[in-house]
Amino acid sequence: MLRWLKISLKIIGALVLLLVLVWLGAAFYINRNNKAILAKILQQVNTKVHGTVSVSHMETTLLKGFPGIAVSLKNVSLRDSLYNQHHKELVSAKDIDVSLNALSLFLGTINIRKVAINNASIYLYTDSAGYSNTSMFRQKDKNKSAENDAGSTDLQVRLIDLNNVNLVVDNQKKFKLFSFYVDELQGKIKYPIGRWDGEFKLVTKINSFAFNTRKGSFLKGKTLSGKLTAHYDGDAEVIMIDQKPLKIGNDTYQIGANINIAETKSAFSIAIKADQLLYKNIASILAPNISAKLFKFGIEKPVDVTASIIDDGNKSHADPLINVKMIVKNNNVSIPSGELTDCSFTGYFSNQDTTTRPIGDANSVIRFFGLTANYYNAPIKVDTFTVANLEKPLAQGLVVSKFDLERLNSSFEDETFKFGKGTADLRLYCQADIDNFLFTKPVIHGKVAIKNADITYLPRNMKIVNSSLDLNFSQKDLHITNSRFQLGSSVVQMTCDMQNFLNFYYTDPEKIEINVKLKSPNLNLSQFMPFLGPRQARQKKTSTKNAIKQASEQLRDALEASKVNLQLNVDKATYQKFVAYHLKATISLIGNGVYFNNMSVQHAGGQINFNGKIEQLGAINKMQLNANIARVSIKEFFYAFDNFGQKSITNKNLKGFLSAKVNARGSISSKGNVTPKSMFGKVNFTLDKAALVGFEPLEKIGRFVFRSRNLSNVQLEKLNGELTLRGETVDISPMKVNSTALNFDVQGVYGFNKGTNIAMDIPLRDPKKSADILDKKEREIARMKGIVLHLKAVDEDGEIKIRWNKKKDREK
């Protein structure tokens with residue numbers, strides 16, 4: 001063996017031996033001076049605290065501290081001076097292992113190098129008045145401290161090890177509660193001048209991380225693990241934790257913090273950054289008052305999040321300042337009103353939107369920038385969207401979109417609208433309250449342009465083709481312009497004003513008043529008959545979070561409940577056999593009623609003015625009408641109205657001009673047909689230049705009495721009459737009929753199917769014999785001279801029979 005190597009080994013051996021001898025000597029010294037050393041440690045600690053540090057006894061544990069000396073302090077208790085009032089023990093530990101510098105013992109000082117706390121509870125308590133039990137560590141009188149510390153070094157711990165320790169920070173003044181179960185905390189600490197630097201390994205379970213106990217805890221039940229690098233600035237009394245990876249559960253976050261432990265500050269800030277985390281995992285670590293709202297939403301794929309939590313120590317702030325940034329790219333986002341697919345945006349949250357106002361929900365804001373997505377297959381783009389004041393949320397933003405209407409069909413689920421073709425181009429600035437995460441009381445500015453659309457309104461089975469319109473929103477009003485609708489062969493141009501439409505849309509749709517002007521060159525009224533019928537019942541399909549469906553149902557209900565005023569101006573209108581020109585009308589749709597006001601039309605060479613009401617009840621609807629008919633062709637008039645549901649006197653039997661006043665009520669089907677035997681009311685009429693052609697009852701009389709006269713074409717003088725409609729029958733008031741063939745008086749009852757009993761007094765005198773009498777009274781007297789036949793027309797087995805009207809029957 002080389003000589004230098006032998007010498008080196010001897011020196012090393014001597015040093016090891018010396019170290020062992022010193023270590024054994026120190027151990028012997030501690031055993032011999034156990035109580036004195038413990039008293040020295042307690043004295044050194046107690047000179048630095050306001051309170052009491054007590055230890056039941058101390059044991060030497062040689063191997064744990066080698067090459068230092070280790071002692072185990074049993075039943076350690078730290079109590080501040082006011083413990084008897086609040087009963088919150090700052091430290092209660094069954095076992096604290098302390099490693100001492102062996103050489104310091106021989107110098108008469110106690111130099112602690114490592115502290116291991118096991119099976120302990122640490123409770124940092126602040127009462128409602130602001131007093132904290134940690135005040136026991138505040139500096140005592142410097143002069144007294146200097147005297148007690150003469151010849152001693154600062155209490156500096158180089159290594160720290162916590163196992164199975166409950167750590168609680170309870171600040172009742174600011175309603176904060178932080179509670180941790182520390183499974184493991186190992187750290188190394190260095191002490192440069194005026195500060196310390198430490199590196200720690202941490203595994204802890206978070207029982208409470210509540211910045212405001214009234215709102216619940218963040219991170220509740222989560223495990224926090226990783227490595228920390230921390231620094232302490234003694235002058236500023238600030239602990240700084242470098243931003244490094246820490247695991248919360250199975251997710252990795254970059255977390256850093258600054259904590260001011262000065263008595264007058266109690267401020268802190270936490271910086272958090274995480275990439276590619278699932279939204280639901282992020283929401284689950286937040287306080288219940290926040291997570292309950294966030295769980296109403298969902299984001300399918302991972303997102304990037306940056307956040308900061310800042311408490312500046314201002315006693316007026318109940319909550320810390322929270323700022324969050326989230327980046328979402330090409331994701332699927334579920335919201336209470338549906339789903340945004342292929343969605344991208346940058347989102348920001350702050351609970352202090354305006355710095356001059358206090359932190360809280362009322363001053364909180366959520367902002368979305370550059371949002372693009374498909375919403376129910378419709379592409380949307382939002383430059384900036386804001387939700388402010390989370391106590392009473394108000395949302396606002398500019399929405400832009402252009403899409404084919406057919407893309408919406410799956411959203412309506414065949415219940416309200418169905419689109420065949422067409423495009424929608426919208427640019428809307430929207431503002432709305434948010435009630436239970438749904439938009440209410442909207443205020444909208446902007447325009448929706450619909451072009452070349454085929455739209456079927458399913459509740460009434462109405463199909464509109466090749467249609468276009470512009471929806472112009474102005475705050476709470478809606479105006480429809482540039483509209484063209486084609487319903488079958490009918491083409492209509494429309495303008496529409498809806499005052500306060502959005503104001504009443506959600507709350508009082510029956511207060512909505514819609515003023516519509518319709519103009520058409522050719523209108524087929526039968527194609528609008530679905531308005532008279534009931535809405536088509538459809539089996540509802542199960543659907544979740546379908547805002548388009550909900551909106552369409554709400555729109556349908558609003559339209560059905562609102563009051564609609566229609567002004568019609570039609571060049572030509574047709575309804576089945578009815579043809580009219582220059583139709584003008586004001587029609588009101590209120591509730592289940594259709595009101596016809598001031599309706600005028602040219603028909604059959606004359607004029608008809610009409611007022612009425614249809615009460616929608618289903619397949620059969622009630623009808624009331626008041627009509628003035630001025631000199632219309634009676635032949636065309638009867639033809640147009642299908643002879644009013646009777647077959648005795650038809651358009652084939654009539655010639656001349658009719659003027660009449662009609663006041664009646666009855667029933668009309670959902671297809672627009674008058675229900676047979678349903679009409680009640682009065683008809684006062686005037687026939688001018690009329691003729692009765694091929695009227696069967698009169699022809700039968702001719703065959704019975706006047707065989708030489710032509711009763712198949714009876715031309716009448718001007719005739720005034722009154723008819724009373726009674727459903728199945730018509731009461732004919734007494735009328736004097738003067739014609740070219742015969743004169744007669746008539747009255748009685750005409751039955752559409754049965755009940756006919758018409759009395760006729762027919763003089764045999766030829767009307768031509770009285771034609772030269774100029775005086776009306778004389779001619780009237782002469783009219784009934786001679787033999788007068790008293791006949792009656794009655795029905796027997798569905799046929800009209802002519803019988804003698806006996807005197808006793810006439811006198812009844």
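Residues numbered from 1 in each chain as written. Predicted model: local features only at pLDDT ≥ 70, side-chain atom pairs only at ≥ 80, totals over all residues. Heavy atoms only, no water.

1. Here's the deal with the overall build of the protein chain
Then, in step 1: When its secondary structure is counted, the protein chain shows 15 helices and 40 strands.
Then, in step 2: Within the protein chain, buried positions represent 45% of all 812 residues.
Then, in step 3: Taking as baseline every contact in the protein chain between residues at least 6 positions apart, the subset at least 24 positions apart corresponds to 53%.
Then, in step 4: By element, 54% of the accessible surface of the protein chain is carried by carbon and sulfur atoms, the whole surface being about 43100 Å². (Helix = DSSP H or I, 4+ residues; strand = E, 2+ residues; numbered from the N terminus. Buried < 20%, exposed > 50% of the residue type's maximum accessible area, 1.4 Å probe, protein only. Contact = heavy atoms within 4.5 Å. Areas by Shrake-Rupley, 256 points an atom, 1.4 Å probe, with all protein chains shown as cover.)

2. A few points about unusual backbone geometry
Then, in step 1: At Asp 342, a position not held by glycine, the phi torsion is positive, near 50°.
Then, in step 2: For Asp 342, the location among the structural elements is in strand β16 (residues 338–350).
Then, in step 3: Relative accessible area serves as the criterion here: at 44%, Asp 342 is assigned to the partly exposed category.
Then, in step 4: Positive phi is not limited to glycine here, since Ala 604 has a value of about 55°.
Then, in step 5: As for its position among the elements, Ala 604 is in the loop between β29 (593–603) and β30 (606–615).
Then, in step 6: By relative accessible area, which is 11% here, Ala 604 ends up buried.

3. Considering the pairing of strand β37 (residues 743–751)
Then, in step 1: Across the nine residues that make up β37, a large majority, seven, are buried.
Then, in step 2: Of the pairings in the sheet, the one linking strand β36 (residues 729–738) to β37 comprises eight bridges and is antiparallel in character. Bridge pairing in β37 links Val 730 to Tyr 750.
Then, in step 3: The turn linking β36 back onto β37 is made up of four residues. (Pairing = 2+ DSSP bridges.)

4. Digging into the packing of aromatic side chains
Then, in step 1: According to the stated counting rule, one finds 13 aromatic pairs in the structure shown.
Then, in step 2: With centroids separated by 5.1 Å and ring planes inclined at 75°, the aromatic side chains of Phe 345 and Phe 368 adopt a geometry described as edge-to-face. With Phe 345 in strand β16 and Phe 368 in strand β17 (residues 365–375), this pair connects stretches of sequence that are 23 residues apart.
Then, in step 3: What makes Phe 368 partly exposed here is its relative accessible area of 21%.
Then, in step 4: Site record: aromatic cluster; members linked through ring pairs are Phe 178, Phe 180, Phe 209, Phe 211, Phe 218 and Phe 268.
Then, in step 5: The side chain of Arg 214 reaches across the aromatic face of Phe 175, ending 3.8 Å from its centre.
Then, in step 6: Directly above the ring of Phe 657 sits Arg 631, whose terminal nitrogen or CZ lies 4.2 Å from the centroid. (Phe/Tyr/Trp six-rings, centres within 6.5 Å; stacked < 30°, edge-to-face > 60°. Lys NZ or Arg CZ within 6 Å of the ring centre and 35° of its normal.)

The values reported here are purely geometric and, on their own, carry no functional implication.
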